[in-house]
Amino acid sequence: MDTELVGQRVVLRTDRRPDDATLVDDFTPELVDVGAHHLCPGCGEPIAIRSAVECIAELGAVERTISVFGIGCYTAFSNNLDIEVLQALHGRAPSLATGVKRMRPDALVLTVQGDGDMVNEGLQEVLHAAARGENITCVLLNNGVFGETGGHITSTTVLGQRTKNTLDGRDAERDGYPILIGDLIASMGGTAYAARGAVNDAGNVARTRRMLAAAFATQERGEGFSFVEILTMCPTGWFIETQESPDYLADVIAGTHQIGVLKGGDVPKGDR
Amino acid sequence: MTLTRGTVVIDREACKGCDLCIDACPPRVLEMTTTVVNTIGHRFPLLIAPGCTGCKACSQICPDFCFQVYKFDEPKEIPWPVD
Ligand SMILES: Cc1ncc(C[n+]2csc(CCOP(=O)(O)OP(=O)(O)O)c2C)c(N)n1
Ligand code: SF4
Ligand code: SF4
Ligand code: SF4
Ligand SMILES: [Mg+2]
């Protein structure tokens, strides 16, 4: 392999494709039209959405997927995607998705919401959709902050977590306790599948992808409501360095919102 | 000598310098620049030694889609260090 000099350092060249090798992962997957976006350095949301669209492509469901987006930083990223996107009012995506699925039962219908959108602005929407056993898949990008509006505390912010309002950590006496939304949804009769993943390392990204695949399979079999919560890094809202954010997620956020399959599913036993 | 099974193409100009790929790389063959930055002012990763396995950890963790990952048809022995 050729080398080049960058600064004072001799390194292997990474500016052109090798001619004796096979491409195994492209810059952007099939359903991401453009890679460039305005989300912050180190944001976990594009990583999670990449996993979701890769799953949809693997399923061969590209032409019949209809997504419904909530309002948060991820909303801007929906412009980069080559799937149908409907924009819901803040917190209302599960209700809009209910209508879509009932009118188009052959479509693969998913929502993408943040914790502020789902658990603060529109908690009743997702709970009622789960209780009704709507045959849709709701995906929650949980970073424990209202990221887009400046990193304020949400209903999923864990005790001790830094946010703009709680720079020294959420305090139960002052701020109350977090809602463990994945566990709440798993406890509901209409929920067929619920799981909580994360994107803080490559192992968890792969595991989350299997959870998304299991949730979509649940919907395709018509078994009822499916839910995948994905813990995502928000270094900007957590007021920490980007390189510290994966460990912060593992130590602080996932200490309370524990990663694993919460209900049902065809994920191998090792992943429970 | 370490066998090299894969390699990456890096879109330096798309990088926002977040460092996530560095810790994600199991054989630790990626390292950020220290003095050189791209045109939007961010440091970016370099492939600093042989030993890439083509595992895709970097491409799957990068929020800004900066990696293409390749697997060599035959694993290689790359002489290292070079002068
Ligand atoms: C009805 C209404 N209230 C408030 C807002 C302002 N607002 C926009 S995004 C947002 C927070 C979203 O937080 P979250 O869903 O957690 O997404 P994140 O930005 O963290 O990804 C808020 C409160 C709005 N757009 N509409
Ligand atoms: S504020 Fe947080 S969630 Fe929003 S783009 Fe920045 S890192 Fe991502
Ligand atoms: S493909 Fe794997 S081994 Fe190669 S640079 Fe990326 S993370 Fe490192
Ligand atoms: S993960 Fe991507 S954006 Fe972040 S430093 Fe590595 S190449 Fe740059
Ligand atoms: Mg949020």
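Every chain begins its residue count from 1, and numbering advances along the sequence as written. Naming scheme: in the order in which they are written, chains are lettered from A and ligands are numbered from 1. Given that the model is predicted, a residue must reach a pLDDT of at least 70 before its local features are reported, and side-chain atom pairs must reach 80 or more before they are shown or counted; all residues, however, enter totals for whole chains, interfaces and linings. Hydrogens and waters are ignored; side-chain quantities use all the structure's heavy atoms.

*Asks:* What's the story with the overall build of chain B in this structure? I'm lost.
*Replies:* Here a helix means four or more residues in a row that DSSP labels H or I, a strand means two or more in a row labelled E, and each is numbered from the N terminus. Looking only at helices and strands, one finds two helices and four strands in chain B. In sequence order, the secondary structure elements of chain B are arranged as β-α-β-β-α-β. For chain B, whose C-alpha radius of gyration is 13 Å, the value lies close to the compact-globule estimate of 12 Å for 83 residues. With respect to the principal axes defined by its C-alpha atoms, chain B has extents near 35 × 30 × 20 Å. Our radius of gyration is a C-alpha quantity, and the globule rule it is checked against amounts to 2.2 Å times the number of residues to the power 0.38.

*Asks:* What's the story with the packing of aromatic side chains in this structure? I'm lost.
*Replies:* Note on aromatic pairs: each is described by the distance of the centres and the angle between the planes. Only the six-membered ring of Trp is used, alongside the rings of Phe and Tyr, when aromatic pairs are assigned; centres must lie within 6.5 Å, and planes under 30 degrees apart are stacked while those over 60 apart are edge-to-face, with the rest tilted. This structure, assessed with the given rule, holds two aromatic pairs over all chains. Between the aromatic rings of Phe77 of chain A and Phe65 of chain B, the centroid separation amounts to 6.0 Å while the plane-to-plane angle is 5°, which identifies the pairing as stacked. In this pair, Phe77 of chain A sits in helix 2 (residues 73-77) while Phe65 of chain B sits in the loop between helix 2 (57-61) and strand 4 (67-77), so the two residues belong to two different chains. Taking 5.2 Å as the distance between ring centres and 40° as the angle between the ring planes, the aromatic pair formed by Trp238 of chain A and Tyr248 of chain A counts as tilted. Placement of the pair is Trp238 of chain A in helix 9 (residues 235-238) and Tyr248 of chain A in helix 10 (residues 245-256), with a sequence separation of 10 residues. Per residue, the accessibility class of Trp238 of chain A equals that of Tyr248 of chain A, and both read buried. Type-normalised accessible area, obtained with a 1.4 Å probe on protein chains alone, sets the label of each residue: buried when under 20%, exposed when over 50%, and partly exposed for intermediate values.

*Asks:* Please clarify how the site of ligand 3 should be interpreted in this entry.
*Replies:* Whether a residue is near a molecule or strand is decided by its heavy atoms; if any one of them lies within 4 Å of it, the residue is near. Lining the immediate environment of ligand 3, one finds 13 residues, of which Cys25, Cys52, Thr53, Cys55 and Cys58 of chain B sit closest. Only Asp, Glu, Lys and Arg are considered charged, only Ala, Val, Leu, Ile, Met, Phe, Trp, Tyr, Cys and Pro nonpolar, and every remaining residue, Gly among them, polar. Residue composition of the shell around ligand 3, grouped by class: 10 nonpolar, two polar and one charged.

*Asks:* How should I be thinking about the site of ligand 1 in this particular structure?
*Replies:* Residue and element names in this part refer to chain A. Taken together, 17 residues lie around ligand 1, and Glu45, Gly116, Asp117, Gly147 and Glu148 are the ones closest in. Taking Cys73, its main chain carries an N or O atom lying 3.0 Å from an oxygen atom of ligand 1. For ligand 1, an oxygen atom lies 2.7 Å from a polar atom in the backbone of Gly116. The method behind every accessible area is Shrake-Rupley, applied with a 1.4 Å probe, and residues are considered shielded solely by the protein chains displayed. In isolation ligand 1 offers 600 Å² of accessible surface; the protein chains occlude 73% of this area. Listed by contribution, the elements that provide at least two residues to the shell around ligand 1 are helix 2, helix 4 (115-121) and strand 8 (145-146). Ranked by the residues each element gives to the shell around ligand 1, the list is headed by helix 4, at four residues. For the purposes of these results, a polar contact is taken to be a pair of N or O atoms within 3.5 Å, where, inside protein, one atom must be able to donate a hydrogen and its partner to accept one; residues adjacent in sequence count only when each atom of the pair is a side-chain atom.

*Asks:* Just to check I follow, could you spell out the confidence of the model for chain A for this structure?
*Replies:* Atomic detail in the predicted coordinates should be set aside for any region of low pLDDT. A score from 0 to 100, pLDDT tells how confident the predictor is in each residue. This prediction gives chain A a mean pLDDT of 96; 97% of its residues lie at or above 70. Here, two residues are considered to be in contact whenever any of their heavy atoms come within 4.5 Å of each other. Confidence over residues 267-272 of chain A falls short of pLDDT 50; this stretch has 14 contacts with residues more than four positions distant or in other chains.

*Asks:* Would you mind going over the interface of chain A and chain B with me for this structure?
*Replies:* The accessible area lost on association of the parts is a frequent measure of interface size. Each partner contributes to the interface: chain A provides 49 residues, whereas chain B provides 43 residues. Note on terms: buried area is the combined drop in 1.4 Å-probe accessible area of two parts once they are placed together, counting the loss on both. Across the interface of chain A and chain B, roughly 3800 Å² is buried in total on both sides, 62% from carbon and sulfur atoms. Among the residues chain A hides against chain B, the three largest losses belong to Met1, Thr14 and Phe27 of chain A. Together they make up 19% of the total. By salt bridge we mean one thing: a side-chain nitrogen of Lys or Arg within 4 Å of a carboxyl oxygen of Asp or Glu. For the pair chain A and chain B, the number of links is three salt bridges. Measuring nitrogen to oxygen at the nearest pair gives 2.5 Å for the salt bridge that ties Lys76 of chain B to Asp20 of chain A. Run the count over chain A and chain B and you get 20 residue pairs in polar contact (both at pLDDT 80 or more). When contributions to the side of chain A that touches chain B are tallied by element, the ones reaching two or more residues are strand 1 (3-6), strand 2 (9-12), strand 3 (21-25), helix 1 (45-59), helix 8 (202-220) and helix 10 of chain A. Among the elements that line the side of chain A that touches chain B, the one with the most residues is strand 3 of chain A, at five residues. For two strands to count as paired, DSSP must find a minimum of two bridges between them. Alignment of strand 3 of chain A against strand 4 of chain B, held across four bridges, turns out to be antiparallel. Bridged to Asp25 of chain A within strand 4 of chain B is Val69 of chain B.

*Asks:* Explanation requested: the environment of Ile153 of chain A in the structure shown.
*Replies:* Residues and elements named next belong to chain A. Among the secondary structure elements, Ile153 is positioned in strand 9 (residues 152-153). Residues Ile153 and Thr163, spaced 10 residues apart in sequence, show a C-alpha to C-alpha distance of 5.6 Å. With residues up to four places along the chain from it excluded, the contact list for Ile153 reads Phe146, Thr163, Asn165, Thr166, Arg170 and Asp175.

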